[in-house]
Amino acid sequence: MARGGPIRAGVLAAQGGFAAHLGVLRRLGVEAAEVRSGAEIEAVDLLVLPGGESTTIAKAIARDRLGEPIRRHVEAGRVLFGTCAGMILCDRNHLGLIDAVAVRNAYGRQAQSFEVELDIAALGERPLSAVFIRAPRIAEHGAAVEVLARHDDDPVVVCQGSVLCATFHPELTDDLRLHEYAVALCQRPDDEMKESGSVAR
Amino acid sequence: MSEQGTFRLKTGLAEMLKGGVIMDVTNRDQAKIAEESGACAVMALERVPSDIRRDGGVARMANLEVIAAIQEAVTIPVMAKVRIGHFVEAQVLQNLEVDYIDESEVLTPADEAHHIDKLGFDVPFVCGATNLGEALRRIAEGAAMIRSKGEAGTGNIVEAVRHLRAIVGGIKRLQSLPAEELASEAKNLQAPLEVVRAVAELGWLSVPLFCAGGIATPADAALTIQLGAEGNFVGSGIFKSADPERRAKAIVEATTHARDPERVAAASMGLGEAMRGEEIATLAAEGALLQNRGW
C-alpha cells in the first residue's frame, strides 16, 4: 500500500511452512507469491518469514544473500511478519530486526509441542488458537518491543515498528485474524512504521 | 488447557519440513554433517538402504544409543525408522521422544498383514506409498505425512517418479469424478470413503507429500519437486557419494530452487562421483524390491 495499489505479499520459500501462509493470505484476498531472491523481496509490501527449521532457513538466507534485501525491506518501513523460525530469524542473533533474543526449541522436542487458546487484546475478545511446534521462547527484549500476547508470562506475539512476530503458527488454523492484523499494518502511514522501526543491531 | 499430540500438531511439523531435505544418517558425525549442510531433519537408522541391500539379514530399528547420540548432537528434528507393523519399536521411539517415526519398508517387516495403528500414538508418523490407494490407507491409519517409496538404496529415481506420478495423477482423477462415483472409487482404491472424499474436495492429500527412494543428484531432487513432491528424503545418495557434504548442500539448494535451472545447474557442479546406481529390473528379477513390502 505504501507504494499505492493493492498490497503485494511475499512468503520466503527457502524452506518451511510457506505453503500454509500463502493459503491464508490468498483466503484474505491478498495477492501473494513465493519469494526466493532479493529482487522478489524488493517487490513486496508484506514479507512473511515462515516457520520451518531456522538453521536451514538461516543457511539459505546466507547462501542466497537475502539478508540485505530483508533488512532493506524493514528499513524502508515495509511490514515483515515472522512466525516461529521466522521470529528467530528476526532476533538480535540473526537478522537483528527486533530487539529481542529467541531461544530455539525452548519448550523441548515435538513431544512437547502444544495447542492453546491465547488472549490477544489487539485481535478482540475471542481467543486465538495457537499452535506451538518445537517453538522458540523470547528470553529477553528491549523497551521498543511491544508485547501483544503472552503465554505463561512469555511474550508470544511481539511488534517493533513494522516487524510483527509470533512464536507459534497462526497459519495452521482457520482463524485468520493475526494475518489480517499484519495486512492492516501495511496500511499504516509510513512515518509511523519507521518511528520505532529498525534496528536492534 | 493446552493440548498435545493432536493431528494438527503432527501434520504441522511436516508442514514445517516442506521445501527441505531429510537426510538418512547412521551416527552423530553424519548427523552433524547433515545439519551443517542445511538438512531440515535427519532420519536415524542402523544402516543406509544400500548397505541393507548389500548385507542382507534382518534390518531393525536403529540402536537406541545411536539415536540418543544423534538427538544430543543436532537441534533439527530427529526421525527414526521402525519395521512395518512393529508397534513396540514405535512405543520405544515415542518414549525416546524422537520427533517423527517412519514406518518403513526399508526395514524388514514385522507384520505381514497389519500396519501400526498410528492414531494411537502422540508421536507423528510418516509412511511410504506407491500409489494413491496405499497413501490413503496409511492416512486412514493415522499417518501425518506420506512419502513415495521409490526404490531405496538404488540411486535410481525411476520408481520414485512412478510413485509420485501415480499419487498426483490419482488425486487429479479423484477431483474429476462426480460425487456419486466416489464410493466405488473408494472401493477400487481400498481406502475409506471419508478419506477419498476429503482428497477429492481438497485437490491434494490431507497431509504433506514428500519424495523418497532413489534421489542421488541435485537434478533428481529438483525433478521430484517439479512433479509435486513438497520436500525430499535422501538416503544412501548422500553418504555413499564421493563428497557427502558438498552433495548434501547441493541437494538442499536444488530442492529450494527446483524450478530455476540456472540454480540447479550451479548446484550440480563439482560434486565428484554420485553413488553407484542399480538397475531396477535386475533387483526385481532377484525379488529384492523393497517397495513391495507393505500393502
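For the structure, check the block above.
The text that follows walks through the structure, step by step, so that each part is easy to find. Numbering of residues starts from 1 in each chain and follows the order in which that chain's sequence is written. Whichever chain is written first becomes A and whichever ligand is written first becomes 1, with later ones labelled in order. Local features are withheld for residues below a pLDDT of 70 in this predicted model, meaning they are given only at 70 or higher, and side-chain atom pairs are given and counted only at 80 or more; totals for whole chains, interfaces and linings count all residues. Excluding hydrogens and water, the side-chain values take into account all heavy atoms of the structure.

Attention now moves to the overall build of chain B. A tally of helices and strands in chain B yields 14 helices and eight strands. The quantity called the radius of gyration is restricted to C-alpha atoms. Its globule counterpart is 2.2 Å times the number of residues to the power 0.38. Here the C-alpha atoms of chain B give a radius of gyration of 18 Å, agreeing with the 19 Å that 2.2 N^0.38 yields for 295 residues. Taken along its principal axes, the extent of the C-alpha atoms in chain B is 55 × 45 × 40 Å. Accessible area is worked out with a 1.4 Å probe on protein chains only. A residue is then buried under 20% of its type maximum, exposed over 50%, and partly exposed in between. Per-residue burial for chain B yields a buried fraction of 61% across its 295 residues. The contact criterion used throughout is that any non-hydrogen atoms of two residues lie within 4.5 Å. Of the contacts formed within chain B by residues at least 6 apart in sequence, a portion of 67% connects residues at least 24 apart. The charged-residue count follows a simple rule in which Lys and Arg add positive charge and Asp and Glu add negative charge, with His and chain termini not counted at all. Charge placement uses NZ in Lys and CZ in Arg. For Asp and Glu, CG and CD serve respectively. With 30 positive and 41 negative side-chain charges, chain B shows a spacing of 3 Å between the two charge centroids. Only runs of H or I of at least four residues qualify as helices and only runs of E of at least two qualify as strands under DSSP, and these elements are numbered from the N terminus.

In terms of helices and strands, chain A carries seven helices and 11 strands. Relative to the 2.2 N^0.38 estimate, which gives 17 Å for 201 residues, the radius of gyration of chain A is 15 Å and therefore close to what a compact globule would have. Counting only C-alpha atoms, chain A reaches 40 × 40 × 35 Å along its principal axes. Each of the 201 residues in chain A was classed as buried or not, and the buried ones make up 60%. Here the analysis covers contacts within chain A between residues at least 6 apart in sequence; of these, 67% occur between residues at least 24 apart. Element-wise, carbon and sulfur atoms account for 46% of the exposed surface of chain A, whose accessible area totals about 7,400 Å². Measuring between centres, the 22 positive side-chain charges of chain A sit 7 Å from its 28 negative side-chain charges. Methods summary: accessible areas were calculated by the Shrake-Rupley approach with a probe of 1.4 Å, and residue burial reflects only the protein chains presented.

Residues and elements named next belong to chain A. Salt bridge, as applied in this entry: a Lys or Arg side-chain nitrogen positioned within 4 Å of an Asp or Glu carboxyl oxygen. Within this structure, the stated rule accounts for 37 salt bridges over all chains. The partner of Glu 42 in a salt bridge is Arg 72, with the nearest N and O atoms 3.8 Å apart. A residue pair is termed long-range when its members are at least 10 positions apart, and Glu 42 in helix α2 (residues 38-42) and Arg 72 in helix α4 (residues 67-75) qualify at 30 residues. Residue Glu 42 is classed as partly exposed on the basis of its relative accessible area, which comes to 41%. Relative accessible area serves as the criterion here: at 42%, Arg 72 is assigned to the partly exposed category. Linking Glu 140 and Arg 92 is a salt bridge whose minimum nitrogen-to-oxygen distance equals 3.3 Å. Of this pair, Glu 140 sits in strand β8 (residues 137-141) while Arg 92 sits in the loop between α5 (85-90) and β5 (100-103), and the two are 48 residues apart along the sequence. On the accessibility criterion, Glu 140 (43% relative accessible area) is partly exposed.

Okay, the side chain of Thr 224 of chain B next. Assignment of secondary structure puts Thr 224 of chain B in helix α10 (residues 218-226). If we skip the residues at most four places from it in the chain, Thr 224 of chain B touches Ile 157, Leu 164, Cys 211, Ile 215, Ala 229 and Asn 232 of chain B.

For the rest of this paragraph, the subject is the sheet that holds strand β7 (residues 209-210) of chain B. Residue and element names in this part refer to chain B. What the eight strands build is an open sheet, ordered β7-β6-β5-β4-β3-β2-β1-β8; its pairing is parallel. Each edge of the open sheet carries a strand with a single partner, namely β7 and β8 (232-234). Only strands that DSSP links by at least two bridges are regarded as paired with each other. As paired strands, strand β3 (residues 78-83) and strand β4 (residues 100-104) are joined by five bridges and run parallel to one another. Of the residues in β4, the one forming a bridge with Arg 83 is Ser 104. Axis definition: a line fitted to C-alpha atoms, limited for helices to the stretch in contact. Angles are taken between N-to-C directions and run from 0 to 180 degrees. Helix α6 (residues 132-140) contacts β5 (125-129) and β6 (145-148) of the sheet and is inclined by roughly 160° relative to β5.

So, about the sheet that holds strand β9 (residues 146-151) of chain A. All names here are of chain A. Here seven strands make up an open sheet; going across it, the order is β2-β1-β3-β4-β11-β10-β9 and the pairing mixed. Edge positions in the sheet fall to β2 (31-35) and β9, since each of these pairs with one other strand and no more. Going across the sheet, the axis of each strand differs from the next one's by a mean of 20°, ignoring polarity. As paired strands, strand β3 (residues 46-49) and strand β4 (residues 79-83) are joined by four bridges and run parallel to one another. Bridging across to β4, Leu 49 finds its partner in Gly 82.

Residues and elements named next belong to chain A. For strand β6 (residues 114-118), the buried fraction is high: four of the five residues fall into the buried class. Relative to strand β7 (residues 128-132), β6 runs antiparallel, the two sharing five bridges. Across the sheet, residue Glu 115 finds its bridge partner in β7, namely Val 131.

So, on to helix α5 (residues 87-95) of chain B. Every α-helix carries 3.6 residues per turn, so stepping three or four residues along brings you back to the same face. Residue and element names in this part refer to chain B. Taken as a whole, α5 has its buried residues at Glu 89, Ala 90 and Leu 93. Looking straight down α5, one finds its buried side chains confined to an arc of 100°; they lie on one side. Those residues of α5 that are buried lie in contact with α4 (64-73), β3, β4 and β5. Backbone geometry just downstream of α5 places Glu 97 in the positive-phi region, at approximately 60°. Directions drawn from the helix axis to the C-beta atoms are what define this arc.

Counting residues at the interface gives 34 residues for chain B and 35 residues for chain A. Buried area between chain B and chain A, summed over both chains or domains, comes out near 2,900 Å², and the portion from carbon and sulfur atoms is 51%. Computed with a 1.4 Å rolling probe, the buried area is the accessible surface lost when two parts are put together, summed over both parts. The largest contributions to the chain B side of the interface with chain A come from Arg 8, Leu 9 and Met 16 of chain B, which together make up 25% of the buried area. On inspection of chain B and its partner chain A, the count reaches four salt bridges. Among the salt bridges present, the one from Glu 36 of chain B reaches Lys 59 of chain A, with a minimum N-O distance of 3.7 Å.

Residues and elements named next belong to chain B. Where helix α8 (residues 182-189) contacts helix α9 (residues 193-202), the axes come no closer than 9 Å and their chain directions differ by 115°. The angle between α8 and α9 falls in the class roughly perpendicular. When you trace α8 past α9, the crossing you get is right-handed. Together, Leu 182, Ala 183, Ala 186 and Leu 189 of α8 and Leu 193, Val 196, Arg 197 and Ala 200 of α9 make up the contact between the two elements. When its residues are assigned to classes, the contact of α8 with α9 shows seven nonpolar, no polar and one charged. To sort the angles, those under 35 degrees are grouped as roughly parallel, those over 145 as roughly antiparallel, those from 65 to 115 as roughly perpendicular, and the leftovers as oblique. Crossing chirality is assigned from the near helix's rotation relative to the far helix, an anticlockwise turn below a right angle marking it left-handed and a clockwise turn marking it right-handed. Basically, the charged four are Asp, Glu, Lys and Arg, the nonpolar ten are Ala, Val, Leu, Ile, Met, Phe, Trp, Tyr, Cys and Pro, and anything else, Gly included, counts as polar.

Take it as geometry only, folks, not as evidence of what the structure does.
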